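Reading the structure
The lines below spell out each chain.
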Amino acid sequence: MKKKAKGSPAHRNLVLQGIAASPGIAVGQAFLYVEHDLEPEPRVIQPSEVDSEIQRFRESVERASQYLKSSKEQLPPSYGKDVGKILSIQLDLLQDEFFLAEVENTIRQEKLDAAYATFVVFKKKKEKLLAAENEYLRDRAFDIHALKKLILKNLMGEPAPLEVGHPAIVVAEEIGPADMVRLHRQSILGLATNTGGRTSHTAIIARSLSVPAVVGLGNVTEKVENGELIVLDGYEGCLIVDPEPQVVRRFRERKKKLVVYEKKLREESRLETRTRDGVPVQVAANIEFEEELGSLKEVFADGVGLFRTEGIFLNRDSLPTEDEQTRVYREVARMVAPNPCTIRTIDVGGDKVLRWLVYTEERNPFLGWRAIRFWLDHPQYFLVQLKAMLRANEPGNIRILLPMISGLEEVYKVQELLAEAQRQLREEGKPFNPEISLGIMVEIPSTAILADLFAREVDFFSIGTNDLVQYTLAVDRGNEKVARLYSYFHPAVLRLVEQVIHAGKRQGIEVSMCGEMAADGRAIPLLLGAGLRHFSCASALIPEVKKIIRNLSVAECRELFERLKGLKTTQEIREAAEAFYRQKVAALVEVT
Ligand code: PEP
Ligand code: MG
């Protein structure tokens, strides 16, 4: 199916590819939500008008605040905390005196009217955020954009009515959280936007409200007519304009099956996970942002197996304070108690740069100043994170996880720092729970090889296959030119994984896996066969992973693993794993 221009006679079946932001399929009429022109003409004002324009700007900000507050108050309880939190973030931004002063200075110094000054300052801020390296930060640009629109609407009059009136798929340039809440009230079928990323607030809200959504479609608002029939596929991240009847039928049937399948899957997720032959298995969640917490209960996650804390550090100009970090860690720990809450100390460096520290260019960043190496060279910051974890550990379920450990010295140094963190907290009279487990990511071959030694020094292992594969096979995990060489079915990787599991078992410590391998239906039988009993993956994948595990027996998996261990090449192992998958797993999880 080729891409064609809107309005062309053969507009049928136009496929637009975007980013899958929220799963689900929607078939229905498009509601084109195009707001009135929000690009004010530059207007130079007289010095005598400065004060009144500043006053107009302040009043518009106040009205925008009221609008956000009332949206927040109208939130039905079913919306969970995420949506309210997002509205609070926008409210906080509107109270940022420093930022608002920029607009007032522009009015005063450049003699521009309130609308144009708002337009210029907010646009600059948005562009700065969009140029950020970090995806999460880039997504925050949409909050600024949403606020700009709200203020401009107030300044320029005519707030666009947001009445869809009938169940429809909303197609918009982008939708701010406040509008999103109002839209959802009107039972929208789905959402398609020109802009946005996987972690943009609109995407997060769409997921938490279970509205299928595709974002980052480029120019969908120019390709779709109001009232036109469209199909939105939130799994594949695509949208089909004016689909043929057989395409509609196909999607409607798939949707019916998926709805039934997912409902059942989530219901079953409540069951304790045991293999067919009765072996209990834990399936925990990998999370990156606080916003994801809401979904953990729905999928009955067995706690958090990996909380990547980088998100807290990257999205800002300064180190998050001990109190701020304590609040976040405490919230996550309380939410999942009494299940374990595994919080990984920061894993920056490589491609993730902290704005508040000066970095030097590195020739091999993934072999460089990353994760634990970086943190141990900045003990003053590391201590802040350790103290926050100790203070947050009231429920007693927090476990500290150290990334990129390559030698025992690093563990010893962290143990010393942990003792120092406790000493400082005692001195400062801050209450904390000293009973905290310390574990390591096993993601560097040296650590996997020495797993028996490490097992005597730490409380648990978490195998990070994403890095273990790249470091074992010398294949950059982000380089598409060598992607065909990147495989966890390589015999060397399997041998290391088995060795780590056995070393942990012999010492009686927990061995978990949080790399992507743990959620791959082709790899799960092998992992069970190798003895893995703790899996951790993105929360949306948990119900399916649990289902696969419940339908396998350890005995058959062990037999499979022993057989595949004897094979010499990645290709042979992958083919054998796929054959087993087709025979035993595919029918459980593939909805066609
Ligand atoms: C891993 O390396 O497998 C892992 C889970 O960590 P990350 O993907 O954050 O490097
Ligand atoms: Mg890693």
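The model shown is predicted, which means the values in this text are computed figures rather than measured ones.

**Description of the sheet that holds strand β3 (residues 25-33)**
- Here 8 strands make up an open sheet; going across it, the order is β1-β8-β7-β3-β4-β5-β6-β2 and the pairing mixed. Looking along the sheet, the strands with just one partner apiece sit at the ends: β1 (14-17) and β2 (19-22). Recorded for the sheet is a direction-independent mean angle of 30° between the axes of neighbouring strands.
- Across 4 bridges, β1 lies against strand β8 (residues 238-241) in antiparallel orientation. Across the sheet, residue Gln17 finds its bridge partner in β8, namely Cys238.
- With respect to the sheet, helix α9 (residues 245-269) is in contact with β3, β7 (229-233) and β8, its orientation differing from that of β3 by roughly 115°.

**Regarding the sheet that holds strand β12 (residues 398-402)**
- If you walk around this closed barrel you meet the 8 strands as β9-β10-β11-β12-β13-β14-β15-β16, and the pairing is parallel. Put simply, the sheet's adjacent strands are angled 25° from each other on average, direction ignored.
- Direction of pairing for strand β10 (residues 304-308) relative to strand β11 (residues 341-344): parallel, over a ladder of 3 bridges. Bridged to Val304 within β11 is Cys341.
- Contacts from helix α12 (residues 322-336) reach β9 (282-287), β10, β11 and β12 within the one sheet, and its direction differs from that of β10 by about 165°.

**Side note on the pairing of strand β4 (residues 169-172)**
- Both faces of β4 are covered, namely the face carrying Ile169 and Val171 and the face carrying Val170 and Ala172.
- Inspection of the sheet shows β3 paired to β4 by 4 bridges, in the parallel sense. Residue pairing across strands places Tyr33 opposite Ala172, the latter belonging to β4.

**Considerations on the site of ligand 1**
- Near ligand 1 lie 14 residues; those nearest to it are Arg308, Arg344, Gly464, Asn466 and Arg477.
- Within the side chain of Arg370, a nitrogen or oxygen atom sits 3.4 Å from an oxygen atom of ligand 1.
- Protein chains shield 97% of the accessible area of ligand 1, which is 290 Å² for the free molecule.
- For the shell around ligand 1, the elements supplying multiple residues, two or more each, are β10 and α18 (465-473).
- Counting residues per element, the shell around ligand 1 draws most heavily on α18, which supplies 3 residues.
- Class assignment of the residues belonging to the shell around ligand 1 gives a composition of 3 nonpolar, 4 polar and 7 charged.

**Here we look at the coordination of the magnesium ion (ligand 2)**
- Around the magnesium ion (ligand 2), the protein supplies Glu443 (OE) and Asp467 (OD) as donor atoms, at distances of 2.0 to 2.1 Å. Taken as a pair, Glu443 in the loop between β13 (437-442) and α16 (445-449) and Asp467 in helix α18 lie far apart in primary sequence, 24 residues in all.

**Brief notes about the packing of helix α1 (residues 50-73) against helix α3 (residues 97-110)**
- In the contact formed by α1 and α3, the axes pass within 9 Å of each other and the chain directions differ by 155°. Relative to α3, the element α1 is oriented roughly antiparallel. Crossing handedness for the pair α1 and α3: right-handed. For the pair α1 and α3, the contacting residues are Val50, Glu53, Ile54, Phe57, Arg58 and Val61 in the first and Leu100, Val103, Glu104, Ile107 and Arg108 in the second.

**Regarding the pattern of salt bridges**
- Counted according to the given criterion, the structure contains 33 salt bridges.
- Here Glu578 makes a salt bridge to Arg522, at a shortest N to O gap of 3.9 Å. Taken as a pair, Glu578 in helix α23 (residues 570-584) and Arg522 in the loop between β15 (510-513) and α20 (524-530) lie far apart in primary sequence, 56 residues in all.
- Exposure remark for Glu578: the relative accessible area of 26% places this residue in the partly exposed category.
- We classify Arg522 as partly exposed; its relative accessible area is 27%.
- The structure contains a network of salt bridges with shared partners spanning Glu322, Asp323, Lys387, Arg391, Glu428 and Lys430.

**Considering the pairing of β12**
- Burial of β12 is extensive: 5 of the 5 residues sit out of reach of the surface.
- Residues Ile398, Ile400 and Leu402 point to one face of β12 and Arg399 and Leu401 to the other, with burial holding for every one of them.
- Pairing of β11 with β12 involves 4 bridges; the strand directions are parallel. Its bridge partner lying in β12, Cys341 is registered against Ile398.
- Across 4 bridges, β12 lies against β13 in parallel orientation. Bridged to Leu401 within β13 is Gly439.
- What joins β12 to β13 is helix α15 (residues 408-428), and the crossover it makes is right-handed.

Analysis parameters
Residues numbered from 1 in each chain as written. Chains lettered and ligands numbered in written order. Predicted model: local features only at pLDDT ≥ 70, side-chain atom pairs only at ≥ 80, totals over all residues. Heavy atoms only, no water. Pairing = 2+ DSSP bridges. Helix = DSSP H or I, 4+ residues; strand = E, 2+ residues; numbered from the N terminus. Axes fitted to C-alpha atoms, helices over the stretch in contact; angles between N-to-C directions. Contact = heavy atoms within 4.5 Å. Buried < 20%, exposed > 50% of the residue type's maximum accessible area, 1.4 Å probe, protein only. Near = heavy atom within 4 Å. Polar contact = N/O pair within 3.5 Å; in protein donor to acceptor, adjacent residues only side chain to side chain. Areas by Shrake-Rupley, 256 points an atom, 1.4 Å probe, with all protein chains shown as cover. Nonpolar A, V, L, I, M, F, W, Y, C, P; charged D, E, K, R; others polar. Donors = N, O, S within 2.8 Å, 3.2 Å for Na, K, Ca; no water. Parallel < 35°, antiparallel > 145°, perpendicular 65-115°, else oblique. Left-handed = near helix turned anticlockwise from the far one by under 90°. Salt bridge = Lys/Arg side-chain N within 4 Å of Asp/Glu carboxyl O. Right-handed = clockwise from strand over helix to strand, strands pointing away.

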